[in-house]
Amino acid sequence: MSEGAQKKQEKPRKFQAIRGTRDLLPSETVLWNHVEQTAHAVFGTFGFGEIRVPIFESTDLFARSIGAETDVVSKEMYTFGGFAEFSERVRGGRMEGMLSEMQPEEMVSLRPEATASVCRAYIEHGMQQLPQPVKLYYMGPMFRRERPQKGRYRQFYQIGAEVLGGSDAPAIDAEVIEMVMTFFDRLELQGVQLDINSIGHSADNCRRGYVEKLKAALDKVKDKLGPDSQRRIETNPLRVLDSKVKDEQDIIATLPRIADHLCEECAAHYAAVKHELEMRGVFFRENWRLVRGLDYYMRTTFEITAQGLGSQNAVCGGGRYDGLVELLGGPPTKGIGFAIGEDRLILSLQESGKEVASGEWRVASKERKGVASGRLGVDVYVAWMGERAHATAIRAAKDLRKAGFSVELPPVEQKFGKALGQADKLGAKYALILGDNEVSEGLWTLKTLADGSQAKFTEPDLLEHLRRQKAL
Ligand code: AMP
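Quick summary incoming for the structure in this document. Computed from a predicted model, the values in this text were never measured in an experiment. (Residues numbered from 1 in each chain as written. Predicted model: local features only at pLDDT ≥ 70, side-chain atom pairs only at ≥ 80, totals over all residues. Heavy atoms only, no water.)

Each regular strand shows side chains that alternate between the opposite faces of the sheet. Pairing of strand β15 (residues 444-448) with strand β16 (residues 454-457) involves 4 bridges; the strand directions are antiparallel. The partner of K447 across the bridge, within β16, is Q454. Counting the residues that bridge the hairpin from β15 to β16 gives 5 residues, and of these G452 lies at a positive phi of roughly 75°. (Pairing = 2+ DSSP bridges. Helix = DSSP H or I, 4+ residues; strand = E, 2+ residues; numbered from the N terminus.)

Okay, structure coming up:
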């Protein structure tokens, strides 16, 4: 077979989104934008400013902050770079005398989370010189090579916030939590459950002492635990408390609890955080099994779950991390923050049918037809016929868009019947009919598609009429 014939036979490859990644289509991005706008609005009222940090950073930044031995860093990061120039030159056969002059290029990773980047930026921009604390929030994609399933993706989105610097006053912890709860409340997220705990600080008279007692207790029941928990007794005993294995639950219930082993200061801080939450009317459940495996995490930890998510029901995780900025080369700095899983938040909203319920979600509900067609919220479909009407239609579309209306202007002439059919398919509210008569009279016909009624308007009257209708 000739090369040409072979090429003809080969079907072009059908590309698909990489496993664990997905497209968000217009029918969904309405809700995504609504969620993000609400975050901007709510976080703004709490005095938080938005920060945008890069999608990739030095691998070392994540290794240091998240911990080189964690699953996230050791198995799940997308890492690249290294000796790029080196390998290029080797391939080009230009080895001579270059090894001495070569600097290895730094390894970089796609960010698996953003707290480390925000702390890096705080240090890099000398934000400790600003009035403290500095309150920052972010939103955007994160990358972890996890096993994809419902609510777990390899590219997922987080909305998070950090409070850096200043004091570790319990009211700061409580206000950060109040802010997330206010955000969820504004979105009418259903089945929200806030769990809190204090994990003390990493001293002998506090968490370290507790972990020793925990380990001793775990050693005694080791044989009754599964292989994962057995391994964790050695690597990170606190993580055994995370276990979801059914047979282990009764055993875990008998283990020593951290609340009984907090030092005086940490116990007082925890009591004050709870009091501050109560004063803010924030309902919580104490969950002694809510822990973090890393040393710099301390005192307050919290997790929020919501309904409709199956096993991956955590929509937000957060906590205090007073040692992190220092660990990354900055001055000793207090810190607390959280990260919301935006994909899961949206999944939960969709499951509860929220997007078609109340007033705030009008865009999605009134325009359901439009949403299905992929055209969102078409206000006016301009049905035009004839060369003169074409020019008028272009001008009408420009003016209507300037006034904030969504306008669909067909690129080629259509018979009016067909145009109206198309307008209906797109879920448009109105058809603006422009033919020879309308143009010569200077009176434009507006058809309301819901009831089929028609009226004629001059251009200024038409704009006024549409404005008034929109305001209703
Ligand atoms: P973490 O940064 O691991 O504390 O996660 C904070 C939140 O991000 C979790 O509660 C989830 O809602 C969300 N999340 C973490 N990993 C994923 C993932 N692979 N896919 C979707 N959401 C995730």
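What the 8 strands build is an open sheet, ordered β1-β5-β6-β11-β10-β9-β7-β8; its pairing is mixed. Lying at the two open borders of the sheet, with one neighbouring strand each, are β1 (49-50) and β8 (285-286). Here strand β7 (residues 193-198) pairs with strand β9 (residues 298-305) via 6 bridges, running antiparallel. In the sheet register, I196 faces β9, and the bridge partner there is F302. Contacting β5 (134-143), β6 (155-164), β7, β9, β10 (314-320) and β11 (335-341), helix α7 (residues 170-186) runs over the sheet at an angle of about 15° to β11. (Contact = heavy atoms within 4.5 Å. Axes fitted to C-alpha atoms, helices over the stretch in contact; angles between N-to-C directions.)

Before going further, it helps to spend a moment on the pairing of strand β4 (residues 107-110). The sheet contact formed by strand β2 (residues 56-58) and β4 spans 3 bridges and is antiparallel. Each residue of the ladder has a partner; that of E57, found in β4, is S109. As defined by bridge partners, strand β3 (residues 79-81) adjoins β4 across 3 bridges and the pair is classed as antiparallel. Note that in β4 the partner of F80 across the bridge is V108.

As for its position among the elements, K274 is in helix α11 (residues 264-279). By relative accessible area, which is 19% here, K274 ends up buried. Once you skip the residues sitting within four places of it in the chain, K274 turns out to touch I196, F284 and E286. (Buried < 20%, exposed > 50% of the residue type's maximum accessible area, 1.4 Å probe, protein only.)

Here we come to the sheet that holds β2. Taken together, the 3 strands give an open sheet; going across it, the order is β2-β4-β3, and neighbouring strands pair in antiparallel fashion. Edge positions in the sheet fall to β2 and β3, since each of these pairs with one other strand and no more. The average undirected angle you get between the axes of adjacent strands in this sheet is 35°. Contacts from helix α3 (residues 59-66) reach β2, β3 and β4 within the one sheet, and its direction differs from that of β2 by about 75°.

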